[in-house]
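# Fold and geometry: a report
Letter by letter, the chains look like this.
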Amino acid sequence: MKVYKHRFLTLAAVLLLTVVLAACGQNGGNSANDATASNNDATGNTQSGNGANDTAEGQAATKIYKDFTGQEVEIPTNPERIVSVTHLGDLLALGVKPIGAGSLALENSVLLSKELEGVENVGDISVEKVLELQPDLIIVPTYTPADIVEQLKKIAPVVTLATAGWEGIDPLEEVKTVGEMLGREQQAEEFITRYKQKAEDAKAKLSEVIGPNETVGTYSIWAKNFWVWPKTRDAGYNLYEMFGLKPQEKIEKEVFSTTGADISLEVVPEYAADHMFLTVYEPDGGKERAEEVMNGPVWKNIPAVQKNHVYLLNYKEFWMVDGLNLEKQLDILVNLVVSQNQK
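Residues numbered from 1 in each chain as written. Predicted model: local features only at pLDDT ≥ 70, side-chain atom pairs only at ≥ 80, totals over all residues. Heavy atoms only, no water.

## Things to note about the pattern of salt bridges
Side chains that differ in charge, positive against negative, can pair when their charged atoms come close. Taken as a whole, this structure holds ten salt bridges when the rule is applied. The shortest N-O distance in the salt bridge between Lys231 and Glu241 comes to 2.7 Å. A residue pair is termed long-range when its members are at least 10 positions apart, and Lys231 in the loop between strand S9 (226-228) and helix H9 (236-242) and Glu241 in helix H9 qualify at ten residues. Residue Glu241 is classed as partly exposed on the basis of its relative accessible area, which comes to 34%. Note that Lys250 is salt-bridged to Glu270, the shortest N-O span being 4.0 Å. Within this pair, whereas Lys250 is found in helix H10 (residues 249-254), its partner Glu270 is found in helix H11 (residues 268-271), the two being separated by 20 residues in sequence. Classification of Lys250 by relative accessible area gives partly exposed; the value is 24%. (Salt bridge = Lys/Arg side-chain N within 4 Å of Asp/Glu carboxyl O. Helix = DSSP H or I, 4+ residues; strand = E, 2+ residues; numbered from the N terminus. Buried < 20%, exposed > 50% of the residue type's maximum accessible area, 1.4 Å probe, protein only.)

## Description of the layout of surface pockets
Of the volumes computed, that of the largest pocket is approximately 430 Å³. If you trace the largest pocket, you find 19 residues lining it, with Thr163, Gly165, Trp166, Arg233 and Trp319 closest to the centre. Looking at which element gives the most residues to the lining of the largest pocket, the answer is helix H6 (residues 164-167), with three residues. (1 Å grid on protein atoms, 1.4 Å probe; cavity = no way out; pocket = protein on both sides within 12 Å on 5 of 7 lines; lining within 4 Å. Points joined across faces, edges and corners; volume = space filled by probe spheres on them.)

## Examining the pairing of strand S1 (residues 62-66)
Of the strand pairs in this sheet, S1 and strand S2 (residues 72-76) are connected by five bridges, and their pairing is antiparallel. By the bridge assignment for S2, Thr62 is matched with Pro76. Linking S1 back to S2 in an antiparallel pair, the connection comprises five residues, with Gly70 at a positive phi of about 90°. (Pairing = 2+ DSSP bridges.)

## A short note on the packing of helix H7 (residues 171-182) against helix H8 (residues 185-206)
Put simply, H7 and H8 touch, their axes get as near as 7 Å, and they point 160° apart. Between H7 and H8, the angle is such that the two are roughly antiparallel. Relative to H8, the crossing made by H7 is right-handed. Residues Leu172, Val175, Lys176, Gly179 and Glu180 of H7 touch H8, and the partners they reach there are Glu185, Ala188, Glu189, Phe191, Ile192, Tyr195 and Lys196. For the contact of H7 with H8, the per-class residue count stands at six nonpolar, one polar and five charged. (Axes fitted to C-alpha atoms, helices over the stretch in contact; angles between N-to-C directions. Parallel < 35°, antiparallel > 145°, perpendicular 65-115°, else oblique. Left-handed = near helix turned anticlockwise from the far one by under 90°. Contact = heavy atoms within 4.5 Å. Nonpolar A, V, L, I, M, F, W, Y, C, P; charged D, E, K, R; others polar.)

As structure tokens, then:
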């Protein structure tokens, strides 16, 4: 009996020890897994000292960006849902497609219709429509009303950027600025290199038609205005900067330093270049006004008109002067000038 009892107690002790060790091993495994999960959570969600979240790859999830107004804005390092009122050509040049865009830029970027397919129109600008899209970054131009900007800030970070057409900044600097904001500096440089090479090829073709001493100018007829444009509107940047064509003297002296000059019809001949590139802003009676001007004696007596050196451009193709829009405008300009001067 004693031997049996001893053996029974020994067997029980062994079994008990086995159960305890197994339990400890399981708890130890769970603790290790919990620790790993905890570390992963900390890497993904814990804010760093500068207020930015760290991603699993060790890259900050957000960064501080100083916009055109001098405001420091915390924005996503790699935004995935951008609503941009303007700058569509810049974004597309960098390989970025926004989920929403302002109506003015969207409706006047017809050269980018394929690339912008599926992009939602948010007006200029509907806070409600922006909210529906749930963006993680909103880009607005400087002329956006302050009260609208404040409402948009409640939805997502808002960055204010300058535009070539409004502030007169260099369009390629505009591409670089957007590239820096989105961490796509390399894509910006690649686009600029490609664009400049294409412009050089176009320049060679135009030199066969427009001589080195012949002048060019860009103009636009509206319902109540006759505009003469500087380098940063319509075809100006490609004509003056990329092609190196000579500006009409009065335009260079009086208009280049502005964002555009509204002149009377009577003085148009004083600003007329040897080659005139013209758009017609058709809404609100602009089309009818253009017909009236072009059928009048002042217009018909301009040398460029008489020599068929007035090149009519679609205003919806040349309204925006940003990134990919500029590149696509090169072909239109070259083809139009060459075809119109074939003998």
